[in-house]
Amino acid sequence: MPLNEFAFQRCLSADCGATYGADEVLIACKQCGELLDVDYEWDRAQPPSRLQDLEKYWAERHHPLNFSGVWRFRDLLPYVSDDEIVTVGEGQTLLQQANAVASYVGLDPGNLYLQYEGMNPSGSFKDNGMSAAFTHAHTIGAQRAACASTGNTSASLAMYCSVTRAMRGIIFIGSGKISYGKLSQALDYGALTVQIAGDFDDAMVRVREVCKELGIYLVNSVNPFRLEGQKTIMFRVLEALRWEIPDWIVVPGGNLGNSSSFGKAFMELKQLGLIDRVPRLAVINAAGADTLSQLVERRDLRWNDSQTDEEKIAAYYQELDDLHKKADTIASAIEINRPVNLKKCLRALAVCDGVVRQVSDQEILDAKAQVGAGGIGCEPASGASVAGAKLLRQQGVIGASDRVVCILTGHVLKDPTATVAYHSTDQKLFNDVLGSRGVKTASFANRAIAVDNDLGEIIQAIQLYG
Ligand SMILES: *Cc1c(COP(=O)(O)O)cnc(C)c1O
Ligand SMILES: [Zn+2]
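Residues numbered from 1 in each chain as written. Chains lettered and ligands numbered in written order. Predicted model: local features only at pLDDT ≥ 70, side-chain atom pairs only at ≥ 80, totals over all residues. Heavy atoms only, no water.

Asks: Hey, could you run me through the coordination of the zinc ion (ligand 2) in this one?
Replies: Octahedral metal centres with six donors ideally show angles of 90 or 180 degrees, and tetrahedral centres with four donors ideally show 109.5 degrees. Coordination of the zinc ion (ligand 2) by the protein involves Cys11 (SG), Cys16 (SG), Cys29 (SG) and Cys32 (SG), with metal-donor separations of 2.3 to 2.4 Å. One way to put it: the four donor atoms around the zinc ion (ligand 2) meet at angles of 96 to 116 degrees, and that makes the site tetrahedral. The sequence motif formed by the donor residues of the zinc ion (ligand 2) is C-x4-C-x12-C-x2-C. One end of the pair, Cys16, is in the loop between strand S1 (7-11) and strand S2 (19-21); the other, Cys29, is in the loop between S2 and strand S3 (36-40), and 13 residues separate them in sequence. Residue Cys16 is classed as partly exposed on the basis of its relative accessible area of 29%. (Donors = N, O, S within 2.8 Å, 3.2 Å for Na, K, Ca; no water. Tetrahedral: all angles 85-135°; square planar, octahedral: opposite > 155°, others 65-115°. Helix = DSSP H or I, 4+ residues; strand = E, 2+ residues; numbered from the N terminus. Buried < 20%, exposed > 50% of the residue type's maximum accessible area, 1.4 Å probe, protein only.)

In structure tokens form, the structure reads like this:
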């Protein structure tokens, strides 16, 4: 059996509770249309009895499954037998204690950690989930896999297709919305790229229809196997902290797959008795794509033990339609108004006593510049987590002595246009890329100095500024 018998899929709605085999390809419950979870009969799955027990895999790092930062935790996502797993060495990421950024955020030195998921092979955290969904697709014999994407999901899918030659990758993107860093990856890796005259939310609707019609395997985060892989980001954070639980996890929110998977990870670790408390979760929207923040902060939408108030959600989406309101932010990876994992994220907020905030593009870019100046850098969406931590610190929700982990979801090279525009002396470039989004200043810009091609002038400039 390639898929383990003690793994199954379960409807998120407690009222419905329908279950399905792990070998079924589903993106929604057949009874009620709700999202699905991957679940396990844990007493048969033999999970570790202590988190430290997982360290034994480190000793055998020559084994590709142990080298993978996803699959060395396979005892905690045990749906598939080892010989079916597809890995390209994802999840070799870094938890960095970032003191310069800590002082910007307003935390005591030593208390801010940045989890660099941009170090994944395709440059974003998406590889964690793609490895897991791709493995499931491979197991059930899929020939083609598709996704709608703001860029990073498509880069990741295209990479798994090109490395493994196992499947044809088909990606749906909105027009003019994708950064060149991300688009170049999908093109280079050879994915069939379908550009739709619309935005991400439109592309998401279409890809679902097309996958249904043509029997193509869908790897968006409505696929519950994706989220199993993304749980391991939290396992790696805990591992890097020597299995101590931080006070806060701060993550940008787009389609809300990451936040949902983090909640599931902590829910399961608690249920298995592997941790005695859960960290608090902060999910940060961009102000130009703030559905979660609107619904949770302004309209008090709650998980409510899966009895979520569906009418509140429907009414909000109706308002967006009536106002013709489209998502708009420089942080293109979170430029999403209809997050597919909304309900799962509400559960994560309930499990982790979570909060939601929104930050402006100005705050996002300033935070991003601070991350770059103090470390390895990130793309705009990732800056939202640091900007969100700063806001929560100012509001006194996060304390100066709290231990905070911000997730940096994507690599600094993913969106060079935004970075160069921020640092540029070219006012037109700044206005075109950022000014139109309400960004007024670049307080942390590191501007290039222009000099004549003259040795004396060059030396003078360096002596003046260096
Ligand atoms: C996909 C993505 C996000 C949003 O994550 P969700 O799981 O969709 O909320 C944030 N940042 C980057 C860089 C991404 O690629
Ligand atoms: Zn159901």
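On we go.
Asks: Hey, could you run me through the sheet that holds strand S4 (residues 94-97) in this one?
Replies: Pairing between the strands of a sheet is mediated by backbone hydrogen bonds and can be parallel or antiparallel. Taken together, the six strands give an open sheet; going across it, the order is S4-S5-S13-S10-S11-S12, and neighbouring strands pair in mixed fashion. Whereas interior strands pair on both sides, the edge strands pair on one side only; in this sheet they are S4 and strand S12 (355-359). Neighbour-to-neighbour, the strand axes of this sheet turn through a mean angle of 25 degrees, independent of strand direction. Two elements, S4 and strand S5 (residues 112-116), share four bridges in a ladder whose sense is antiparallel. (Pairing = 2+ DSSP bridges. Axes fitted to C-alpha atoms, helices over the stretch in contact; angles between N-to-C directions.)

Asks: What am I meant to see in the pairing of S12 here?
Replies: Two faces, one strand: in a regular strand the side chains alternate between the faces of the sheet. The element S12 is extensively covered by neighbouring structure, given that four of its five residues are classed as buried. As judged from the five bridges shared by strand S11 (residues 280-286) and S12, these two strands associate in the parallel manner. Among the inter-strand pairings, Asn285 is bridged to a residue of S12, identified as Gln358.

Asks: In this structure, what is going on with the packing of helix H4 (residues 126-139) against helix H5 (residues 152-164)? I would like to understand it.
Replies: Between two packed helices, what matters for the description is the angle formed by their axes and the separation of those axes. Here H4 crosses H5 at 50 degrees, and the two axes come no closer than 9 Å. The angle between H4 and H5 falls in the class oblique. In the packing of H4 onto H5, the handedness of the crossing is right-handed. Contacts from Lys126, Asp127, Met130, Ser131 and Phe134 of H4 reach H5 at Asn152, Thr153, Ser156, Leu157, Met159, Tyr160, Cys161 and Thr164. Among the residues forming the contact of H4 with H5, the class breakdown is six nonpolar, five polar and two charged. (Parallel < 35°, antiparallel > 145°, perpendicular 65-115°, else oblique. Left-handed = near helix turned anticlockwise from the far one by under 90°. Contact = heavy atoms within 4.5 Å. Nonpolar A, V, L, I, M, F, W, Y, C, P; charged D, E, K, R; others polar.)

Spatial relationships are all this shows, so hold off on functional conclusions.
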